[in-house]
Structures are given as structure tokens and as C-alpha cells.
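Here's the letter readout for the chains.
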Amino acid sequence: MTDDEAEPCDDCRDPVSDALARTLRLTVDRSQIDSQRLCPECFADWIDRYESEMQPDERPVIDDGDTDIIVD
């Protein structure tokens, strides 16, 4: 396949050959929700975004001095 025949990246729309393309598939309960064909650069950007968004929030815990738990 030549670059003229290459399918575009779903993100940047640049042509990308099958050998370099990465396909992301989002499935929920075995049903495919989304599929994206990405060039290596857009795939790396996607991984970076995924890792940063999936990191737990490191918000400081504010001690309000009330440690009693009341259950009605």
C-alpha cells in the first residue's frame, strides 16, 4: 500500500499505512462502542491523555476535626 492509498488517521487525518496504524476499540459488555484508527503520533498522544486522566486525584485531605460518624 502506498501513501496515496493509505487510510487517514481518525484524529489528525494524515494518511497512515496499515503497518503503522493502531486501532483503539472501546467495548462495554462485549459491545463495541467506538473504534479509532490512529497514526503512531496520535496514538502516543492518546496514551498520554489516558494515563493523565486515569491518575487518581491527589487532592489534599482537609481535616475538619470531626471524626465522629453518625448513622441514623
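Everything discussed here concerns the structure shown above.
Because the structure is a prediction, the values reported are computed rather than measured. (Residues numbered from 1 in each chain as written. Predicted model: local features only at pLDDT ≥ 70, side-chain atom pairs only at ≥ 80, totals over all residues. Heavy atoms only, no water.)

Visitor: Sorry if this is basic, but what is going on with the packing of aromatic side chains here?
Guide: Between two aromatic rings, the relevant description is the distance of the centres plus the angle of the planes. Within this structure, the stated rule accounts for one aromatic pair. Relative to tyrosine 50, the ring of tryptophan 46 has its centre 5.4 Å away and its plane inclined at 10°; by these criteria the two rings are stacked. Here tryptophan 46 and its partner tyrosine 50 are both found in helix H1 (residues 40-54), four residues apart, which amounts to about one turn of the helix. According to the relative accessible area criterion, tryptophan 46 is partly exposed, its value standing at 28%. (Phe/Tyr/Trp six-rings, centres within 6.5 Å; stacked < 30°, edge-to-face > 60°. Helix = DSSP H or I, 4+ residues; strand = E, 2+ residues; numbered from the N terminus. Buried < 20%, exposed > 50% of the residue type's maximum accessible area, 1.4 Å probe, protein only.)

Visitor: Looking at this structure, I do not really get a negative patch on the surface. What am I missing?
Guide: A contiguous patch of negative charge, built from Asp11, Asp14, Glu41, Asp45, Asp48 and Glu51, is present on the exposed surface. Positionally, aspartate 14 belongs in the loop between strand S1 (7-8) and strand S2 (15-16). (Patch = residues over 30% accessible without salt bridge, like charges linked within 9 Å, V, L, I, M, F, W, Y side chains within 5 Å. Areas by Shrake-Rupley, 256 points an atom, 1.4 Å probe, with all protein chains shown as cover. Salt bridge = Lys/Arg side-chain N within 4 Å of Asp/Glu carboxyl O. Lys, Arg positive; Asp, Glu negative; His and termini not counted. Charge placed at Lys NZ, Arg CZ, Asp CG, Glu CD.)

Visitor: What exactly am I supposed to notice about the pattern of salt bridges here?
Guide: Close approach of charged atoms allows side chains of opposite charge to pair. Enumeration according to the criterion identifies two salt bridges in this entry. The salt bridge involving arginine 13 is made with aspartate 10; its shortest N-O contact spans 3.8 Å. Residue arginine 37 pairs with aspartate 18 through a salt bridge whose shortest N-O separation is 2.6 Å. With arginine 37 in strand S4 (residues 31-38) and aspartate 18 in the loop between S2 and strand S3 (22-28), this residue pair connects regions lying 19 residues apart in the sequence. The exposure class assigned to arginine 37 is buried, which follows from its relative accessible area of 15%.

Visitor: In this structure, what is going on with the pairing of S3? I would like to understand it.
Guide: The side chains of a regular strand alternate between both faces of the sheet. Sheet analysis places S3 next to S4, joined by seven bridges and oriented antiparallel. Following the sheet pairing, valine 28 is matched in S4 by serine 31. Hairpin connection of S3 to S4: two residues between the antiparallel strands, including aspartate 29 at a positive phi of 50°. (Pairing = 2+ DSSP bridges.)

Visitor: Explanation requested: the nonpolar core in the structure shown.
Guide: For soluble globular proteins, nonpolar side chains are generally found buried alongside one another. If you look at the biggest cluster of nonpolar residues, it comprises seven residues: Cys9, Val16, Ala21, Leu24, Leu38, Cys39 and Cys42. Setting aside anything within four residues of it in sequence, one finds valine 16 in contact with Ala6, Glu7, Pro8, Cys9, Ala21, Arg37, Cys39 and Pro40. (Core = buried A, V, L, I, M, F, W, Y, C linked by side-chain atoms within 4.5 Å. Contact = heavy atoms within 4.5 Å.)

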